[in-house]
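Below are the chains, spelled out letter by letter.
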Amino acid sequence: MTSLKLIIVEDELRLRNSIAYLIPWESRGLEVIGVYGDGIEGWQAIERMKPDVLLLDIEVPGMGGLQLAERALTLGISMKIVILSGHDDFKFAQTAVSLGVSQYLLKPAGDTEILAAVTEAAEQLRKERESQYERITLERKWAEHIPRLQENFLQNWISGRYEPWEITRKSEEFRLPARSETVYAAVAAEIDPLAEDETRFTAKDQELLRFTLLCLAKDFTAESNSCIVFHDYGGLTVLVFAQNKEESENAFINRVNGAATHLLSLVQDCLKLTASAGIGSPCAGSDIRRSYMQAVQALQERMIYGINIVIPFREESAPTLVSASVQHLERKLEAAMQTGDPAATAAAADELFHEAIGKAETTDQIAEYVIILKSLLIRVIQSKGWSLRDVVEQDYDIFHKPELLQSKEQIRSWLLRTVRQIAEYGVSRRHKSHHEFIRAALALIEEQLDQDISLYAMADRLHVSSSYLSHLFKQEVGTPFSQYVIRRKMEHAKELLLGGAKVYDAVLKTGFRDISYFTKVFRKIWGITPGECKRK
């Protein structure tokens, strides 16, 4: 237990020494740091050392105990005061209590009584300080958590999870200005999809960009008491503007539109990127969910109107049915993908995009047609027995999360990229199957070097036409089939002769029946006769 500092001011020498040196203060966690017989000296010590407890005689030279107590309490520190008085006049005690004195003892008070009074005052001080520390700790923890609590409240508020009476009460609790009866308009803002040639940021930086947008919005609205900025559950930056009492609805809408436009210009200036924003209709705080949902819906309209734009909410018209021309282009694209022609496939995909997505008038039309496109692409991939994940690779998530496509340009890039991936995957599969086919042919040639190997016999063995085998072999190996076979036989013959085999044995083991013909072919390839090769 930390000792508390005690100063004693008593003009009677004998009593002063008795109090200071005979009472066991240390046993009660008290340390005497000053003993004075004069009020002025006592005040100077109090001002300098700022003790925890004062034991004051009510009548001392220079400055009385009550005056000394009054001045000590003006120091603004937590302190307890015990008064020793030779007067039993009620007015003195009343004055002492009004000043905040903890104990008032009448002389002659014994050591035990003085020790008990000072100890009680010290314990009161310790409890008060502990309580103050706990309160400060709680306040600090509250301050640390208040931002998250505020964000939770605001997210629940725009989600419509509170009754009107809860909005005001919880808002006051979390130190926010939201009120159920105030008129608000919500704005939903987001960084636009990154361009394909963007090199400074990637999809992995999405959270960083969202945080930066939030900070920009908070900075430029910091001096306004009529705007609240936070993230919704999906990471969109939400700005909720309050209408001023003297402000007309038109002026309010213009102010919100101007603020949203300013935010987008800040994004361009600071990040060299673009952002878009949707604005909901004004409504009461108890109905803020409606304005927020309208703002989100308006933001999605950038698929129609483009990026880097502020879009007010408008009611959508009824979606139109898919036209016959679009259906014709779907069949054209599917046929192109089945044939595997990359140029024809890309042209058909681009034509279909401009007819179906490019002419769409609502986000619902776009969303529904994206589903149709996904179904078409998946059907083609599965008809070939391929795995969707293997074909589209990094774009696999787009087939499960339509919200990843946030603009027409993104949809177009995704469509063209996917049909290109399908074409390239088909080519790679054909090459792979070709490689496997040629490997099988080469292995058979190695097994049959001691036999007569013909193109027709090999084609029959591999269950293909001789013309197909001839074309594929030349394409993959770079040498006509018959030339490759002769070359391998002569290489094998050379290995046998250099290894000590007789010329006749080399002839038999390379499938030749005529030694003179063998010699002629050997000399043509190696420039020497088999006998000369053997001697070397």
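Look up a bit, the structure's there.
Residues numbered from 1 in each chain as written. Predicted model: local features only at pLDDT ≥ 70, side-chain atom pairs only at ≥ 80, totals over all residues. Heavy atoms only, no water.

Caption draft 1: Spatial organisation of the side chain of Glu247. Note on placement: Glu247 falls in the loop between strand S8 (237-242) and helix H8 (249-271). By relative accessible area, Glu247 is classed as buried at 15%. Of note is the side chain of Glu247, whose polar atom sits 2.8 Å from the side chain of Arg255. Beyond its immediate sequence surroundings of up to four residues, Glu247 is in contact with Phe252 and Arg255. (Helix = DSSP H or I, 4+ residues; strand = E, 2+ residues; numbered from the N terminus. Buried < 20%, exposed > 50% of the residue type's maximum accessible area, 1.4 Å probe, protein only. Polar contact = N/O pair within 3.5 Å; in protein donor to acceptor, adjacent residues only side chain to side chain. Contact = heavy atoms within 4.5 Å.)

Caption draft 2: Just the layout of surface pockets, in detail. Considering only enclosed or pocket space, the largest pocket measures out at about 1700 Å³ in volume. What lines the largest pocket is a set of 49 residues, among which Pro193, Leu404, Leu405, Gln406 and Gln410 lie closest to the centre. Put simply, the parts of the chain that give the lining of the largest pocket at least two residues each are strand S6 (183-191), helix H7 (206-220), helix H9 (288-300), helix H10 (302-305), helix H13 (363-383) and helix H15 (408-447). For the lining of the largest pocket, a count of residues per class yields 21 nonpolar, 13 polar and 15 charged. (1 Å grid on protein atoms, 1.4 Å probe; cavity = no way out; pocket = protein on both sides within 12 Å on 5 of 7 lines; lining within 4 Å. Points joined across faces, edges and corners; volume = space filled by probe spheres on them. Nonpolar A, V, L, I, M, F, W, Y, C, P; charged D, E, K, R; others polar.)

Caption draft 3: Region of the structure containing the sheet that holds strand S5 (residues 103-106). Taken in spatial order, the five strands of this open sheet run S2-S1-S3-S4-S5, and their pairing is parallel. Both edges of this open sheet fall to strand S2 (30-36) and S5, since each of them pairs with a single strand only. Within the sheet, the average angular offset between the axes of one strand and its neighbour, ignoring direction, is 20°. When strand S1 (residues 4-9) meets strand S3 (residues 53-57), the two strands line up parallel, connected through four bridges. In the strand pairing of S3, Ile8 is matched with Leu55. (Pairing = 2+ DSSP bridges. Axes fitted to C-alpha atoms, helices over the stretch in contact; angles between N-to-C directions.)

Caption draft 4: Layout of the environment of Trp157. Assignment of secondary structure puts Trp157 in helix H5 (residues 111-158). Considered as a pair, Trp157 and Cys533 are 376 residues apart in the sequence and their alpha carbons are 94 Å apart. In this view, Trp157 contacts Tyr162, Ile167, Ala178, Tyr184, Ile228, Val240, Gly285 and Ile288; residues no more than four positions away in its chain are not counted. Looking at Trp157, its side chain comes within polar contact range of the main-chain oxygen of Gly285, at 2.9 Å.

Caption draft 5: Molecular detail of the environment of Phe473. Looking at where Phe473 falls in the secondary structure, it is placed in helix H17 (residues 466-477). With 32 residues separating them along the chain, Phe473 and Ala441 place their C-alpha atoms 8.7 Å apart. If we skip the residues at most four places from it in the chain, Phe473 touches Ile438, Leu442, Ile445, Gly478, Thr479, Pro480, Phe481 and Tyr484.

Caption draft 6: Layout of the packing of aromatic side chains. For the structure on display, the rule yields eleven aromatic pairs. Taken together, a centroid distance of 6.4 Å and an interplanar angle of 10° make the contact between Phe153 and Trp157 stacked. In this pair, Phe153 and Trp157 are both assigned in helix H5, four residues apart and thus about one turn of the helix distant. Given a relative accessible area of 1%, Phe153 falls into the buried group. Plain terms: the ring middles of Phe399 and Trp414 are 5.6 Å apart, the flat faces sit at 65° to each other, and that makes the pair edge-to-face. Of this pair, Phe399 sits in the loop between helix H14 (388-392) and H15 while Trp414 sits in helix H15, placing them 15 residues apart in sequence. For the pair formed by Phe399 and Trp414, the shared burial category is buried. (Phe/Tyr/Trp six-rings, centres within 6.5 Å; stacked < 30°, edge-to-face > 60°.)

Caption draft 7: Here's a closer look at unusual backbone geometry. One non-glycine residue, Lys272, lies in the positive phi region at around 55°. As for its position among the elements, Lys272 is in the loop between H8 and strand S9 (275-279). A positive phi angle, close to 60°, is found at Asn308, a residue other than glycine. One can find Asn308 in the loop between H10 and strand S11 (310-312). In this structure Asn308 comes out as partly exposed when scored by relative accessible area, which is 30%.

Caption draft 8: How the structure looks around the nonpolar core. With 35 residues, the main nonpolar core has Ile411 and Trp414 as its most contacted residues. Elements with a minimum of two residues in this core: H10, helix H11 (324-339), helix H12 (342-356), H13, H14 and H15. Looking at this core element by element, the count peaks at eight residues for H13. Not counting the four nearest positions on each side in its chain, Trp414 is found in contact with Leu373, Lys374, Leu377, Asp395, Ile398, Phe399 and Leu405. (Core = buried A, V, L, I, M, F, W, Y, C linked by side-chain atoms within 4.5 Å.)

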